[in-house]
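A closer look at the structure
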Amino acid sequence: LLLEPAHKADLPPIVFIHGASTSLYDPLIAFRSSLEGRARLLFVDRPGHGRSQIGGKGNILPDGQADAIASLMDKRGIKSAIVVGHSYGGAIAAALALRHPEKVKGLVFLSPAVYDWPGGVSWYYDAARVPITGVLFSTLVAPPAGLLAIGAATKSVFAPNPVPQNYIAQTKALQALRPVAFRHNALEVASLNAWAKTASRQYSEIKARTIIITGDADKVVSPEIHSKQLARAIKGSKLLVVHNLGHKPDYIAGDLVVAAIEVTA
């Protein structure tokens, strides 16, 4: 979804890359009211999420998704942009900066998942990614179980902060429970660890102006493993650690994110 400014923009184009188990509606609801009219805003359904097709096998990894977003930017006439990536979207933003540096004017990472981590992934991701039984699990088990669990899961993502009113409905979060989307998301998350172990060796090559925002209460993506390491790797980057903030700075610290976008411009 591309939103054009009605008048002269005061910011360069901005590309928003959402995290796991969601779609372009997540950043759209978070930032539309504060940034519409100030820039060309491109909200992307990552391959296999929202209404986007999965595409080739390479789209399981951040590299393939970064290439797809770069191609979309070309088609929309966006030569370069500030790239905002949340959680898994942070890995895509990093891949975009490494593979297509000319397209990245600035980077704003929000609780990014960009390094390998101990402990693997949640059991339901493992269950969904198995070749045959994973399809059955994603089709027969995940949708009804997900309907029952989505409220508690959303609370855990925002914790210790409150969930915004009507968040699940406004962001169309139930789309992630569709069998094909659920299994694709599981394959992505399960593949991220190995990808990050290799890709993270190149983060020092990123030259774009970079701001990283994370919360010291984030229990979904460890600030110590991800954001703090990333800040050390990217020369000149700025790290903002917000006290008592969970995994959703896009909603809980939106004004800070907008200020970060302004600085990277």
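This write-up is about the structure you can find in this document. (Residues numbered from 1 in each chain as written. Predicted model: local features only at pLDDT ≥ 70, side-chain atom pairs only at ≥ 80, totals over all residues. Heavy atoms only, no water.)

**Considerations on the nonpolar core**
Applied cut-off: Side-chain atoms within 4.5 Å link the members of a nonpolar core, which is a set of buried Ala, Val, Leu, Ile, Met, Phe, Trp, Tyr and Cys residues. The buried label applies to any residue whose accessible area, calculated with a 1.4 Å probe on protein chains only, is under 20% of its type's maximum; exposed applies above 50%, and partly exposed to all values in between. By the criteria applied, helices consist of DSSP H or I runs no shorter than four residues and strands consist of E runs no shorter than two, each listed in order from the N terminus. The criterion used for residue contact is that any of the two residues' heavy atoms lie within 4.5 Å.
One finds Leu 107 and Tyr 203 to be the most contacted residues of the largest nonpolar core, which totals 37 residues. If one sorts the elements of this core by residue count, helix α3 (residues 88-99) sits on top with 8 residues. Beyond its immediate stretch of four places on either side in the chain, Leu 107 contacts Val 83, Ala 93, Ala 97, Ile 206, Ala 208, Arg 209, Thr 210, Ile 211 and Thr 264. Counting residues in each nonpolar core, the second largest holds 25 residues, with Leu 11, Ala 39, Leu 41 and Phe 158 among its members.

**Focus: the side chain of Ser 111**
Looking at where Ser 111 falls in the secondary structure, it is placed in the loop between β5 (104-110) and α4 (123-129). Exposure remark for Ser 111: the relative accessible area of 1% places this residue in the buried category. Every residue in contact with Ser 111, bar those within four places of it in the chain, is listed here: His 86, Ser 87, Ile 213, Thr 214, Asp 218, Val 221, Ser 227, Gly 246, His 247 and Pro 249.

**Quick look at unusual backbone geometry**
In this chain, Ala 159 is followed by Pro 160 through a cis amide linkage whose omega measures 10°. With respect to the helices and strands, the residue Pro 160 is situated in the loop between α5 (133-158) and α6 (167-170). Its identity as a non-glycine residue notwithstanding, Ser 111 has a phi of 45°, on the positive side. One non-glycine residue, Lys 172, lies in the positive phi region at around 55°. Lys 172 sits in the partly exposed class, given a relative accessible area of 36%.

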